[in-house]
Amino acid sequence: TTSKLYLLSRKEIMGVDNNDDAASSTRQLEYWVNKTDEDRKKYESGNTNASAWWLRTCIGGSNFAAIYDRGKPNDASGFYNKGISPAFRIG
């Protein structure tokens, strides 16, 4: 078998994405349904402050979707240093 590690899209997390041309070919993942901003926060190992993390959704030009340190979705220039939170399928 082949395992795949990938970045999540805004639609897979938030359930909607008006900026993604391929949004109709994916859906919100069950894990993310009814999650709050607090649930979307990510922490670096040993750090008590949440960090922003990239999604794979391109907004246009050099801008990509991200989840900011407060757990809210937004977009930012790809020039910024943010973390990633890869996903993979089990089963």
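Here is a short report on the structure shown in this document. These numbers come from a predicted model, not from an experiment.

1. Concerning the layout of surface pockets
Considered as a void within the structure, the largest pocket measures approximately 400 Å³ in volume. Its residues placed into classes, the lining of the largest pocket shows 9 nonpolar, 2 polar and 5 charged.

2. Some details on the side chain of Ser51
Within the secondary structure, Ser51 is located in strand 2 (residues 50-51). Separated by 3.0 Å, the side chains of Ser51 and Glu44 make a polar contact.

3. What to know about the sheet that holds strand 6 (residues 83-84)
Strand order in this open sheet of 4 strands is 5-4-3-6, and the pairing throughout is mixed. Across the chains shown, the open sheet's two edge strands, defined by having one partner strand only, are strand 5 (73-77) and strand 6. With 5 bridges joining them, strand 4 (residues 63-67) and strand 5 adopt antiparallel strand pairing. Residue Ala65 lies in a different strand from strand 5, and its bridge partner there is Asp75.

4. Regarding unusual backbone geometry
A positive phi angle, near 65 degrees, is found at Asn34, a position not held by glycine. Of note, Asn34 is situated in the loop between helix 1 (10-14) and helix 2 (37-40). On the accessibility criterion, Asn34 (73% relative accessible area) is exposed.

5. A few points about the packing of aromatic side chains
Applying the stated criterion across every chain yields a total of 3 aromatic pairs. Aromatic side chains Trp54 and Phe64 sit 6.4 Å apart centroid to centroid with 85 degrees between the ring planes, which places their arrangement in the edge-to-face category. Of the two residues, Trp54 sits in strand 3 (residues 53-60) while Phe64 sits in strand 4, which places them 10 residues apart along the sequence. Residue classification places Phe64 among the partly exposed residues on the basis of a relative accessible area of 31%. Among the aromatic residues, ring-to-ring pairing joins Tyr31, Trp32 and Trp53 into one connected group. For the cation-ring pair, Lys35 lies above Tyr31, with the distance from its terminal atom to the ring centre recorded as 4.3 Å. Above the plane of the ring of Trp54 lies Lys82, whose end atom (NZ or CZ) is 5.6 Å from the centre.

About the thresholds
Residues numbered from 1 in each chain as written. Predicted model: local features only at pLDDT ≥ 70, side-chain atom pairs only at ≥ 80, totals over all residues. Heavy atoms only, no water. 1 Å grid on protein atoms, 1.4 Å probe; cavity = no way out; pocket = protein on both sides within 12 Å on 5 of 7 lines; lining within 4 Å. Points joined across faces, edges and corners; volume = space filled by probe spheres on them. Nonpolar A, V, L, I, M, F, W, Y, C, P; charged D, E, K, R; others polar. Helix = DSSP H or I, 4+ residues; strand = E, 2+ residues; numbered from the N terminus. Polar contact = N/O pair within 3.5 Å; in protein donor to acceptor, adjacent residues only side chain to side chain. Pairing = 2+ DSSP bridges. Buried < 20%, exposed > 50% of the residue type's maximum accessible area, 1.4 Å probe, protein only. Phe/Tyr/Trp six-rings, centres within 6.5 Å; stacked < 30°, edge-to-face > 60°. Lys NZ or Arg CZ within 6 Å of the ring centre and 35° of its normal.

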